[in-house]
Amino acid sequence: MRTALLAATASAVLLAPAPVASAGASAASVVRCPRAPAPGVSRPPRPSPPPAVPEQRVVGGAALDTTGLVAPAGVSAPPGVSATSWLIADLDSGQILGGCGPHEYGTPASVQKLLLAATMLPRLDPKQTVTVTEDDMFIEPGSSAVGLVAGGRYTIETIWLGLLLNSGNEAANALARLGSGTDSAAGVRAMNEHAHHLGALQTHAVTPSGLDGRGQFTSAYDLALIARACFADPAFRRYALTEHAQIPVQRAQRTKGFEIQNENQLIYRYPGALGGKTGFTDLARHTYVGAAERGGRRLVVTLLGAESTPMRGWEQGAALLDWGFTLPRDASVGRLVEPGELTATPSAAPSALAAPGAPRPAAASGPTRTGSGWLWSVTAVSAAGVVMLLGGLLWRRRRRLP
């Protein structure tokens, strides 16, 4: 991390409440996040996230390196929500108004489709008509689908609407394939490269749709970076506020046309709503990204790991937006970095864990070993030394051969 970035982020956290915790701080120094009661649910074991990378946990400001609450000093407490982590920020200035464990790893579910949108919207012509393939239809049985059919012909805009209104997983596969020019796996690699460019160093996509995959993680902070990139695109803003759309008839496949509606209740029930994205899997629980405008001020909220009672994901987002709009315009505990800022110089290059497309070590379940990052580093250095030594011996031996 560059010295200039650290200096800038350090100066941006003067309003943060004390105490705030660093990655290695004791639990007693962490300000607890207000929590809403949530029912116990049966779910698969949560995967262990990658080892924490200290440089990544201070991206945007030193005060963001906490598992607990970070908020401006002297303001009212944020509402209690069931989300395990969240963040609220100004879409225009990039100033962060508050958060709970903003750099904690979480499982994205369908809010990952925002990364797909941020990556592929600039690459695709919305007016182009394309054919959906059998491979595009390869999704988890029972998972979210908009109703596209293999062999069907649709405009790319129709597929975007199917993705963002109805969270179609087959639409995600098609857009990842079309945007990469080869297949959905190449699309996922492009998504990871773009996340890296945006500064979302804790984000690693495995599927284009957000269906659970081994090693797939993000954070509330990263989601805010991704959402900011999405809302900067006029096409995305239009799609996110579209209430309903028509999926056309496919006569060759003998399927009728039908109407779809936007599943994001924020656009119907929250004055000034700009749209966003919902998400859910048994593993991720409810995830949500939403944005709204009030008094010429545009805020975005991101949350991970929420339960639907007593408040649904969008309602938790709305409550946090209400709180954010009460804060002074100059209130800040950090900032959203700009695209390319962290990779502008070689010294800012992230660690290998955040390299685009690189698999991240994550066990199926069980606790993360806090010393594992150090252990792997030592092992890698030792192995490199052995390879160099053997190489030198072989070179000397070859020189002695006739």
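Calculation criteria
Residues numbered from 1 in each chain as written. Predicted model: local features only at pLDDT ≥ 70, side-chain atom pairs only at ≥ 80, totals over all residues. Heavy atoms only, no water. Core = buried A, V, L, I, M, F, W, Y, C linked by side-chain atoms within 4.5 Å. Buried < 20%, exposed > 50% of the residue type's maximum accessible area, 1.4 Å probe, protein only. Helix = DSSP H or I, 4+ residues; strand = E, 2+ residues; numbered from the N terminus. Contact = heavy atoms within 4.5 Å. Polar contact = N/O pair within 3.5 Å; in protein donor to acceptor, adjacent residues only side chain to side chain. Pairing = 2+ DSSP bridges. Axes fitted to C-alpha atoms, helices over the stretch in contact; angles between N-to-C directions. Parallel < 35°, antiparallel > 145°, perpendicular 65-115°, else oblique. Left-handed = near helix turned anticlockwise from the far one by under 90°. Nonpolar A, V, L, I, M, F, W, Y, C, P; charged D, E, K, R; others polar. pLDDT = per-residue confidence, 0-100.

Go over the nonpolar core with me, naming the residues and quoting the values.
If you look at the biggest cluster of nonpolar residues, it comprises 67 residues, and the most contacted ones within it are Trp-160, Tyr-221 and Phe-236. For this core, the element with the most residues is helix α7 (residues 220–231), which contributes nine residues. Those residues in contact with Phe-236 that sit more than four places away from it in its chain are Leu-114, Ala-117, Leu-121, Leu-164, Cys-230 and Phe-231.

I'd like to hear about the side chain of Arg-57, residue by residue, with values.
By the secondary structure assignment, Arg-57 is in helix α2 (residues 54–57). Look at Arg-57 and you get buried, because its relative accessible area is 7%. At 2.7 Å, the side chain of Arg-57 and the side chain of Asp-65 are in polar contact. For Arg-57, the side chain forms a polar contact with the side chain of Glu-104, separated by 2.8 Å.

Let's hear about the pairing of strand β2 (residues 85–90): which residues, and what values?
Within β2, six of the six residues are buried, leaving the element largely enclosed by the surrounding structure. Burial of the side chains of β2 extends over both faces: Ser-85, Leu-87 and Ala-89 are buried on one face and Trp-86, Ile-88 and Asp-90 on the other. The pairing of β2 with strand β10 (residues 297–306) spans six bridges and is classified as antiparallel. Residue pairing across strands places Leu-87 opposite Thr-302, the latter belonging to β10. With four bridges connecting them, β2 and strand β3 (residues 95–100) associate as antiparallel partners. Its bridge partner lying in β3, Trp-86 is registered against Cys-100.

Explain the environment of Asn-262 residue by residue, including any values.
Examined against the element boundaries, Asn-262 turns out to sit in the loop between β7 (258–261) and α9 (266–269). For Asn-262 and Ala-240, which are 22 residues apart along the polypeptide, the C-alpha to C-alpha distance reads 8.2 Å. The contacts of Asn-262, once residues within four sequence positions are left out, are Leu-164, Leu-165, Tyr-239, Ala-240, Thr-242, Glu-243, Ile-267 and Tyr-268. Of note is the side chain of Asn-262, whose polar atom sits 3.2 Å from the backbone oxygen of Ala-240.

Can you lay out the packing of helix α4 (residues 156–166) against helix α5 (residues 169–180) for me, pointing to particular residues and giving the numbers?
Orientation of α4 relative to α5, taken along the N-to-C sense of each, is 135 degrees, at an axis distance of 9 Å. Between α4 and α5, the interaxial angle falls into the category oblique. Here the hand of the crossing between α4 and α5 comes out left-handed. Residue-level contacts link Ile-156, Ile-159, Trp-160, Gly-162 and Leu-163 of α4 to Ala-171, Ala-172, Ala-174, Leu-175 and Leu-178 of α5. Partitioned by chemical class, the residues of the contact of α4 with α5 number nine nonpolar, one polar and no charged.

Please provide a residue-by-residue account of the confidence of the model for the chain, values included.
Mean pLDDT for the chain: 83, with 77% of residues reaching 70 or above. Counted against residues more than four places away or in other chains, residues 1–28, with its pLDDT under 50, gives 56 contacts. A low-confidence stretch, residues 346–402 (pLDDT under 50), is modelled with 60 contacts involving residues beyond four sequence positions or located in other chains.

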